[in-house]
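Structural overview
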Amino acid sequence: MVWIGGGAFTMGSDHHYPEERPSRRASVSGFWIDRAPVTNRQFAAFVAATGHRTMAETPPNAADYPGALPEMLVAASLVFAPPAGAIDPRGPSSQWWSFVPGADWRHPTGPDSTIEGSEDHPVVHVALADVEAYAAWAGLSLPNEVEWEYAARGGLEGAEFAWGDALLVDGAHMANTWQGEFPHRNLALDGWERTSPVGSFPANGYGLVDMIGNVWEWTADWWSTPGAMRGSCCGASLQDKVKASADPADAARIARKVLKGGSHLCAPNYCRRYRPAARHAHPIDTSTSHVGFRCVRRP
């Protein structure tokens, strides 16, 4: 792990997506953070020691999902599946996400796939319960959003990216992101179509790798937009925060946490979230082929 000394910084951005606004001053106490996302090798050691079964490996309880179709109540996860031709990325994401029975952390693209040879790639197909179980076993915690963003910035105040203000540095790609037209044409100019081994790209100013791109990372914070709880201040209960985190359009009202960092699927024509300020809401019961995590230890 890497020690990050405490400090103050400008969090968020006024120049991109609404959920990042407004930019504001934030402060954080010092903490230790994993140099890289948790890998398949590390997660395998946890599973071997504990016998943990991930949510993707466990059929859902029908009582938790009233009205769910029987074919959805199976052990499965979401896998990115590029369409054969050009489509409008403003359409539903179901055009490029497939619900794949048998997809899990050991089988990242489906039951016939394996992580053999990918032991040093970030573990994926992990829901919130899985990452919290790993953290508890390791004696660690998930970072909160302020800690994560402060660490990702690497000491650069107000920079667009974790390495400066230009996406490319001397023509070199600084993170595993998407090049080409999302979701059907990935030129893989950075060398990778899906996940990459951790540390394949340069570290930021704090010596941390893969804070941007490769996989989104879970944080401990319930989803809200800046200022959403304004007026309730410290009076906002945990129950209120959990309830408010759900998507109003979601009939099941599944609570959501904040993801940070973007992934290998972030593209200039679709999702410019390969920046420290970027954030994304993700249901706590959902695992995918592009979401992983790293941990912190606080003094």
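Residues numbered from 1 in each chain as written. Predicted model: local features only at pLDDT ≥ 70, side-chain atom pairs only at ≥ 80, totals over all residues. Heavy atoms only, no water.

What about the overall build of the chain?
A tally of helices and strands in the chain yields four helices and 13 strands. A compact globule built from 299 residues should have a C-alpha radius of gyration of about 19 Å, and the chain, at 19 Å, falls within 12% of that. Dimensions along the principal axes, computed over C-alpha positions, put the chain at roughly 50 × 50 × 45 Å. Expressed as a percentage of its 299 residues, the buried residues of the chain come to 46%. Within the chain, counting contacts between residues at least 6 apart in sequence, those at least 24 apart form 71% of the total. Of the side chains in the chain, 25 bear a positive and 32 a negative charge, and the two mean positions are spaced by 6 Å. (Helix = DSSP H or I, 4+ residues; strand = E, 2+ residues; numbered from the N terminus. Rg over C-alpha atoms; globule rule 2.2 N^0.38 Å. Buried < 20%, exposed > 50% of the residue type's maximum accessible area, 1.4 Å probe, protein only. Contact = heavy atoms within 4.5 Å. Lys, Arg positive; Asp, Glu negative; His and termini not counted. Charge placed at Lys NZ, Arg CZ, Asp CG, Glu CD.)

Observations regarding the pattern of salt bridges
With the rule as written, the count across this model stands at 13 salt bridges. Across the pair arginine 275 and glutamate 20 runs a salt bridge, and its minimum N-O distance is 2.7 Å. Separated by 255 residues along the polypeptide, arginine 275 in the loop between strand E10 (256-260) and strand E11 (279-283) and glutamate 20 in the loop between strand E2 (7-11) and strand E3 (24-28) bring together distant segments of the chain. Looking at arginine 275, the relative accessible area reads 2%, which means it is buried. The partner of aspartate 120 in a salt bridge is arginine 41, with the nearest N and O atoms 3.1 Å apart. Placement of the pair is aspartate 120 in the loop between strand E6 (97-101) and helix H2 (128-138) and arginine 41 in helix H1 (residues 40-50), with a sequence separation of 79 residues. (Salt bridge = Lys/Arg side-chain N within 4 Å of Asp/Glu carboxyl O.)

A few points about H2
Of all the residues in H2, the buried ones are Leu128, Asp130, Val131, Tyr134 and Ala135. Down the axis of H2, the sector holding all buried residues measures 165 degrees, keeping them to one side. Lining the buried residues of H2 we find H1, strand E9 (216-222) and E10. At the exit of H2 stands glycine 139, carrying a positive phi of roughly 70 degrees. (Arc of directions from axis to C-beta.)

Things to note about the side chain of serine 245
Note on placement: serine 245 falls in helix H4 (residues 238-245). Take serine 245: its relative accessible area is 0%, and that puts it in the buried class. Side-chain polar atoms of serine 245 contact the backbone oxygen of valine 242, separated by 2.6 Å. Leaving out residues up to four positions away in the same chain, serine 245 has contacts with Trp222, Trp223, Ala255 and Arg256. (Polar contact = N/O pair within 3.5 Å; in protein donor to acceptor, adjacent residues only side chain to side chain.)

Side note on empty space enclosed by the protein
This model, assessed by the stated rule, comprises one cavity of 30 Å³ or more. Its volume calculated, the largest cavity comes out at about 120 Å³. Classifying every residue of the lining of the largest cavity by side-chain character gives 11 nonpolar, one polar and one charged. (1 Å grid on protein atoms, 1.4 Å probe; cavity = no way out; pocket = protein on both sides within 12 Å on 5 of 7 lines; lining within 4 Å. Points joined across faces, edges and corners; volume = space filled by probe spheres on them. Nonpolar A, V, L, I, M, F, W, Y, C, P; charged D, E, K, R; others polar.)

Concerning the confidence of the model for the chain
Averaged over all residues, the pLDDT of the chain is 95; the fraction at 70 or higher stands at 97%. Throughout residues 229-233 the model reports pLDDT below 50, and contacts reaching past four residues in sequence, or to other chains, amount to four contacts. (pLDDT = per-residue confidence, 0-100.)

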